[in-house]
Amino acid sequence: MSTKTIAGITVPDTPVVTAAQALARDHMDDWSYNHVVRSWLLGFAIAEQMPPFAERDQELHAVAAILHDLGWVEKDMFMSSDKCFEVDGANAAKAFVERQPNLAEWDQHRKQLLWDAIALHTHLPVAMHKQPEVSATCFGILADFVGPAGIPGGTLSDSAWKTIIHDFPRQGFKSGVIETMCGLCKNKPETTYNTFVSEFGDEMVDGYTSKGQRVFDIIQNTIDAD
């Protein structure tokens with residue numbers, strides 16, 4: 001497989017990865033595009049230091065990281081009215097690979113791994129016990145929020161972090177994420193209950209409340225046996 005170097009990180013250089021980058025660039029603002037690229041590169045930097053990830057499908061990891069947030073692109077066709085943004089992103093990525101000329105390389109197993117890597121990217125306690133492609137994708141995305149200190153085992157070096165964020169700056173990231181999460185709470189609140197997104201709604205969106213919709217509330221209201 002052909003490779004190239006971006007921000008000091010060696011990554012796959014294949015038609016489907018290039019196409020995924022183009023799709024993300026066409027549909028995402030600068031701050032969100034930089035986030036998904038950083039997540040890709042950080043995930044590869046971490047994976048280089050973790051032997052269990054050595055044999056992962058690197059092309060799949062790349063595509064999953066690059067496309068993982070298509071589901072929060074409100075202005076485009078990827079966002080549904082009734083699914084959480086992680087599932088929207090997973091569905092969009094699966095549809096993307098199914099449109100590629102090399103579709104034969106994407107059997108059902110690879111497509112399912114791609115779907116899982118995106119659908120579970122906000123669920124680290126589950127993703128870390130899944131296949132290496134799923135775990136590595138999740139770790140890279142997490143790293144963009146917590147930095148080297150938040151990644152276990154010192155697997156993300158300060159030098160790799162600094163190079164990546166220099167080449168793909170973080171300007172607008174925090175405010176963009178907050179605005180996006182609040183938008184999800186405003187526009188399709190039923191998809192945010194019992195997810196981390198609901199915390200933004202409860203704290204920052206007028207008229208939004210997850211109370212009554214939480215697992216805690218559901219269990220509290222469960223009818224006991226006679």
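This structure is a prediction, so every number in the text was calculated from the model and none was measured.

Draft legend 1. Structural context of the overall build of the chain. A tally of helices and strands in the chain yields 11 helices and 2 strands. Across the chain, helices and strands are ordered from the amino to the carboxyl terminus as β-β-α-α-α-α-α-α-α-α-α-α-α. The C-alpha atoms of the chain give 18 Å as radius of gyration, which agrees with the globular expectation for 226 residues (17 Å, within 12%). Seen through its principal axes, the chain has C-alpha atoms that stretch 60 × 40 × 40 Å. Within the chain, the proportion of its 226 residues that are buried is 51%. Restricting to contacts in the chain with at least 6 residues of sequence separation, those with at least 24 account for 60%. Counting every atom, the chain has about 11,100 Å² of accessible surface; 53% of that belongs to carbon and sulfur.

Draft legend 2. Up close: the pairing of strand E2 (residues 9–12). Here strand E1 (residues 3–6) runs beside E2; their pairing, made up of 4 bridges, is antiparallel. What sits directly across from Thr-5, in E2, is Thr-10. Linking two consecutive strands that pair antiparallel, namely E1 and E2, is a turn of 2 residues; a positive phi of about 50 degrees is found at Ala-7 within it.

Draft legend 3. Looking closely at the confidence of the model for the chain. Averaged over every residue, the pLDDT of the chain is 93; residues scoring 70 or more account for 97%. Within the chain, no element has a lower average pLDDT than helix H11 (residues 215–220), which sits at 76, and none a higher one than helix H3 (residues 58–67), at 98.

Draft legend 4. Structural context of unusual backbone geometry. A positive phi is found at Ala-7, a non-glycine position, where the angle reads about 50 degrees. Within the fold, Ala-7 resides in the loop between E1 and E2. Classification of Ala-7 as buried rests on a relative accessible area of 12%. Residue Asn-194 is not a glycine yet carries a positive backbone phi of 65 degrees. Looking at where Asn-194 falls in the secondary structure, it is placed in the loop between helix H9 (173–187) and helix H10 (197–204). Classification of Asn-194 as partly exposed rests on a relative accessible area of 42%.

Draft legend 5. Here's a closer look at the nonpolar core. Ranked by internal contacts, the top residues of the largest apolar core, which has 69 residues, are Trp-40, Leu-41, Val-63, Leu-67, Leu-114 and Leu-156. Counting residues per element, this core draws most heavily on helix H2 (residues 30–47), at 11 residues. Contact partners of Leu-156, with chain neighbours within four places excluded, come to Leu-42, Ala-45, Ile-46, Ala-143, Gly-147, Pro-148, Ile-151 and Trp-161.

Draft legend 6. Looking closely at the packing of aromatic side chains. A full pass over the atoms with the stated rule returns 8 aromatic pairs. Where Phe-145 meets Phe-173, the ring centres are 5.1 Å apart and the plane angle is 50 degrees; that geometry is what we call tilted. Note that Phe-145 is positioned in helix H7 (residues 132–146) and Phe-173 in helix H9, a separation of 28 residues in sequence. Among the residues examined, Phe-145 registers a relative accessible area of 44% and is labelled partly exposed.

Rules used throughout
Residues numbered from 1 in each chain as written. Predicted model: local features only at pLDDT ≥ 70, side-chain atom pairs only at ≥ 80, totals over all residues. Heavy atoms only, no water. Helix = DSSP H or I, 4+ residues; strand = E, 2+ residues; numbered from the N terminus. Rg over C-alpha atoms; globule rule 2.2 N^0.38 Å. Buried < 20%, exposed > 50% of the residue type's maximum accessible area, 1.4 Å probe, protein only. Contact = heavy atoms within 4.5 Å. Areas by Shrake-Rupley, 256 points an atom, 1.4 Å probe, with all protein chains shown as cover. Pairing = 2+ DSSP bridges. pLDDT = per-residue confidence, 0-100. Core = buried A, V, L, I, M, F, W, Y, C linked by side-chain atoms within 4.5 Å. Phe/Tyr/Trp six-rings, centres within 6.5 Å; stacked < 30°, edge-to-face > 60°.

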